[in-house]
Amino acid sequence: MRAATSTRPADAAVGAAVDTHCPYCALQCGMTLSPAGRTSVRVRPRDPSAGGLCQKGWTAAALLGSPARLTTPLLRNGGTLRPASWDEALGLVARRIKEIVAERGPDAVAVFGGGGLTNEKAYLLGKFARVALGTSQVDYNGRFCMSSAAAAAHRAFGLDRGLPFPLADLDGADAVLLAGANPAETMPPFLSHLRRAMDAGGLIVVDPRRTPTAERAALHLAPAPGTDLALALGILHAAVADGRVDHAYVGDRTTGFEEAWRPAAAWWPERVERVTGVAAADQRRAAAILAEAASAYVLTARGAEQHATGVDTVGAWINLALALGLPGRLGSGWGCLTGQGNGQGGREHGQKADQLPGYRRIDDPAARAHVARVWGVEPSVLPGPGRSAFELLDALGTSGGPSALLVFGSNPVVSAPHSARVADRLAALDLLVVSDIVLSETARAADAVLPITQWAEEDGTLTNLEGRVLLRRRALAPPPGVRTDLEVLHDLAVRLGQPPERFPTDPETVFTELRAASEGGPADYSGVTWDRLRAGERLHWPVPRQPGHQGTPRLFLDRFAHPDGRARFAVVDHTGPAEPPDEEFPLYAITGRVLQHYQSGAQTRRVEELRAAVPEAYVEVHPDTARRAGLRDGAAAAVVGRRGRVLATVRCVPSMRPDVVFLPFHFPGAQRANLVTNPALDPVSRMPEFKVCAVRLSAAGEREAQ
Ligand code: SF4
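### A word on the sheet that holds strand 12 (residues 296-300)
Right, so step 1: Taken together, five strands build an open sheet; the order of strands is 10-9-8-12-13 and the sheet is parallel. In this open sheet, the two strands that pair with only one neighbour each are strand 10 (219-221) and strand 13 (333-336). Here the strands of the sheet are splayed against their neighbours by 15 degrees on average, with no regard to which way each runs.
Right, so step 2: Taken together, the four bridges between strand 12 and strand 13 define a ladder with parallel strand orientation. Paired with leucine 299 across the strands is glycine 335, a residue of strand 13.

### Observations concerning the packing of aromatic side chains
Right, so step 1: Going through the model one piece at a time under the given rule, you end up with 14 aromatic pairs.
Right, so step 2: Between phenylalanine 112 and phenylalanine 144, the ring centres sit 6.3 Å apart and the planes meet at 45 degrees, which makes this aromatic pair tilted. In this pair, phenylalanine 112 sits in strand 6 (residues 109-113) while phenylalanine 144 sits in the loop between strand 7 (138-140) and helix 4 (147-157), placing the two residues 32 residues apart along the sequence. Take phenylalanine 112 and phenylalanine 144: they sit in the same class, and that class is buried.
Right, so step 3: Aromatic pair phenylalanine 511 and tryptophan 530: ring centres 6.5 Å apart, planes at 50 degrees, arrangement tilted. Note that phenylalanine 511 is positioned in helix 21 (residues 507-518) and tryptophan 530 in helix 22 (residues 530-534), a separation of 19 residues in sequence.

### Regarding helix 2 (residues 86-104)
Right, so step 1: Compared with the 27 Å implied by 1.5 Å per residue over 19 residues, the 27 Å span of helix 2 between its first and last C-alpha is a close match.
Right, so step 2: Those residues of helix 2 not exposed but buried are Trp86, Ala89, Leu90, Val93, Ala94, Ile97 and Ile100. One side of helix 2 holds all its buried residues, which, seen down the axis, span an arc of 130 degrees. Every exposed residue of helix 2 that faces more than 90 degrees away from the buried side is listed here: Asp87, Ala102 and Glu103.
Right, so step 3: Phi turns positive one or two residues past the end of helix 2, at glycine 105, with a value near 95 degrees.

### As for the nonpolar core
Right, so step 1: By size, the foremost hydrophobic cluster in this structure holds 171 residues, and its most contacted members are Phe128, Phe157, Leu299 and Trp317.
Right, so step 2: With residues near it in sequence (within four places) discarded, tryptophan 317 still touches Leu177, Ala179, Val206, Asp228, Leu231, Ala232, Ile235, Val298, Thr300 and Ala304.
Right, so step 3: Judged by nonpolar contacts, the second largest core, of 34 residues, contains Ile590, Val619, Phe665 and Val676.

### Here we look at the confidence of the model for the protein chain
Right, so step 1: Taken as a whole, the protein chain shows an average pLDDT of 93; of its residues, 97% reach a score of 70 or greater.
Right, so step 2: This stretch, residues 1-14, has a pLDDT under 50; its non-local contacts, to residues over four places away or in other chains, come to 47 contacts.

### Notes on unusual backbone geometry
Right, so step 1: With an omega of 0 degrees, the peptide bond between tryptophan 541 and proline 542 qualifies as cis.
Right, so step 2: Along the chain, proline 542 turns up in the loop between helix 22 and strand 21 (567-568).
Right, so step 3: You will see that histidine 418, though not glycine, has its phi angle at about 50 degrees, which is positive.
Right, so step 4: Relative to the helices and strands, histidine 418 resides in the loop between helix 17 (412-415) and helix 18 (419-427).

### Examining the sheet that holds strand 18 (residues 448-451)
In sheet architecture, strand pairing relies on hydrogen bonds along the backbone and comes in two forms, parallel and antiparallel.
Right, so step 1: What the seven strands build is an open sheet, ordered 5-4-18-17-16-6-7; its pairing is mixed. Both outer strands of the open sheet, strand 5 (80-83) and strand 7, are each paired with one neighbouring strand and no more. Taken pair by pair, the neighbouring strands of this sheet meet at an average axis angle of 20 degrees, ignoring direction.
Right, so step 2: When strand 16 (residues 404-408) meets strand 17 (residues 431-436), the two strands line up parallel, connected through five bridges. Counted as the bridge partner of leucine 406 is valine 433 from strand 17.

Definitions and cut-offs
- Residues numbered from 1 in each chain as written.
- Predicted model: local features only at pLDDT ≥ 70, side-chain atom pairs only at ≥ 80, totals over all residues.
- Heavy atoms only, no water.
- Pairing = 2+ DSSP bridges.
- Helix = DSSP H or I, 4+ residues; strand = E, 2+ residues; numbered from the N terminus.
- Axes fitted to C-alpha atoms, helices over the stretch in contact; angles between N-to-C directions.
- Phe/Tyr/Trp six-rings, centres within 6.5 Å; stacked < 30°, edge-to-face > 60°.
- Buried < 20%, exposed > 50% of the residue type's maximum accessible area, 1.4 Å probe, protein only.
- Expected span 1.5 Å × (residues − 1).
- Arc of directions from axis to C-beta.
- Core = buried A, V, L, I, M, F, W, Y, C linked by side-chain atoms within 4.5 Å.
- Contact = heavy atoms within 4.5 Å.
- pLDDT = per-residue confidence, 0-100.

Below, the structure written as structure tokens:
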């Protein structure tokens with residue numbers, strides 16, 4: 001067994017083994033941390049039979065004692081950041097916030113959160129924004145990850161929970177269609193749940209690339225980027241034409257099939273083949289595999305979502321699942337694979353621009369009254385909806401936009417689309433405050449950097465991709481000098497004039513308040529207690545405060561969450577990407593993750609084993625595409641688009657479509673994939689079109705006319 005060691009400060013606490021969860025993705029694999037001497041921590045998977053841990057999980061402890069760790073606040077002094085005391089740093093931040101609010105009003109101060117924050121942090125951050133700052137300008141990076149699936153699920157089912165069934169239900173699946181998901185790299189242990197489907201020849205993967213996940217599929221459908229929606233319509237058309245629709249289910253449990261069929265009727269498989277490049281026979285085969293399986297699932301992820309038509313694209317896949325009678329049935333369904341560690345809980349408790357805790361809408365008078373009562377304020381005090389994530393970042397430092405920004409758990413300089421524009425907007429701020437464990441690219445641009453605890457040094461809860469609430473446990477004392485995010489929010493709130501008890505620093509106390517704030521809402525946590533979690537109960541929300549309520553592992557078995565209990569087909573049609581290739585930029589660029597890195601790479605690029613495995617950006621291209629650009633495998637290339645250019649090393653991959661290049665998005669500086677990505681937003685979810693933009697390929701040294 002491998003031991004991930006970290007060099008901990010000499011005075012770190014060394015205690016008994018602690019059961020907790022991985023700090024990275026939404027699978028939230030269980031792990032046991034045990035002390036291995038005073039300066040190292042041993043990581044063991046708690047459930048090897050469920051796939052154990054991936055390389056990121058095994059090495060997670062290395063960052064605990066990394067020399068890159070921040071242990072003192074930093075304040076900008078001219079062009080450099082200098083160490084400061086907490087008192088000085090928080091005093092300066094509070095004073096500047098007060099000055100900016102006095103001059104320009106509360107919406108001049110914005111807050112940007114993250115999908116990796118615990119439920120308690122996400123909750124208190126939203127409360128801090130609305131109550132301590134009084135600003136409507138709060139959103140988070142989950143807007144970039146899962147908001148399209150959330151909106152599509154709300155539209156279809158009246159409620160959004162990533163997987164509306166337990167993960168283990170997938171173990172019995174004979175067929176699974178993965179649309180825009182690459183779990184073999186993003187969450188490898190997840191594949192253990194697909195063994196039966198793989199063995200049965202029932203795994204279908206929709207991805208423009210032949211990813212490691214696609215390699216395992218019985219059927220790999222590789223549509224041109226931005227044509228997934230057309231492909232979903234083609235498979236639906238095939239299902240209808242070949243008599244595979246479950247008419248009894250459609251009649252009993254849904255509405256809107258006829259309306260949804262009208263645009264789908266025009267997308268017969270041969271026409272879809274011309275648009276997507278996916279053979280008509282393969283579309284029919286996909287419909288047959290799903291329809292003939294005793295247990296079948298359709299699962300979507302970022303590849304389906306990150307489009308300017310992301311909500312409709314996910315809606316098209318849900319339409320297919322509904323036509324086949326899958327959602328809300330034991331042993332079948334539709335689900336979304338959330339990405340970030342708390343991608344699910346992070347979108348439920350109020351750090352989103354349009355939302356209050358419990359997955360309540362901020363424009364709902366009853367929701368405002370309930371939450372205001374819990375918070376001890378008048379409903380009229382709560383601001384209304386604010387800008388969505390990219391719109392917020394894009395407005396920073398403009399005449400009508402915020403002039404101060406507080407960032408928690410995010411690194412938008414690397415992770416936001418059109419990232420050069422975002423960096424410019426951050427530079428235009430009067431005040432940028434970043435709370436982080438390392439000096440991320442966003443922290444480097446800050447006026448104040450606040451060093452905080454990380455995963456193994458704190459208690460809290462997260463909600464995994466199946467809507468199950470998990471306890472994160474403290475295994476080690478944090479290094480001297482750092483504070484928790486909850487302490488930072490408390491300290492700032494008090495300096496801004498709030499009563500100290502309104503912003504607790506104990507995470508269990510915060511959770512108790514969160515339970516009350518969520519009570520009666522769609523994501524009702526009121527029946528979840530830390531004691532129940534400590535006792536090992538597996539609680540999927542909603543868990544109302546009712547004696548003996550065991551939570552809700554499976555949603556929709558009896559009825560969907562719309563008032564009439566029926567699911568809604570969506571009327572969707574294919575329009576294509578916002579920025580199709582043209583003569584000047586003839587290739588599609590798509591972006592994604594690699595096994596060794598997580599999100600902006602701020603953590604994983606600082607873990608030696610992971611950095612050594614994938615130290616820099618690369619661009620995957622078909623050998624013919626590289627040759628046409630005068631490039632060979634290993635050459636330094638520039639991927640040039642309308643908004644900028646990305647430097648990356650060429651990797652020739654014969655399975656790539658010749659019209660596509662792939663860029664991983666974990667790297668900083670000139671290697672940022674998001675220098676070229678398109679911030680075109682979905683009209684409903686406001687999610688940017690990360691997944692497709694138009695580019696050309698050239699040698700890195702060539703001068704480019706921009
Ligand atoms: S799959 Fe996700 S949660 Fe599991 S070990 Fe890897 S990064 Fe961590």
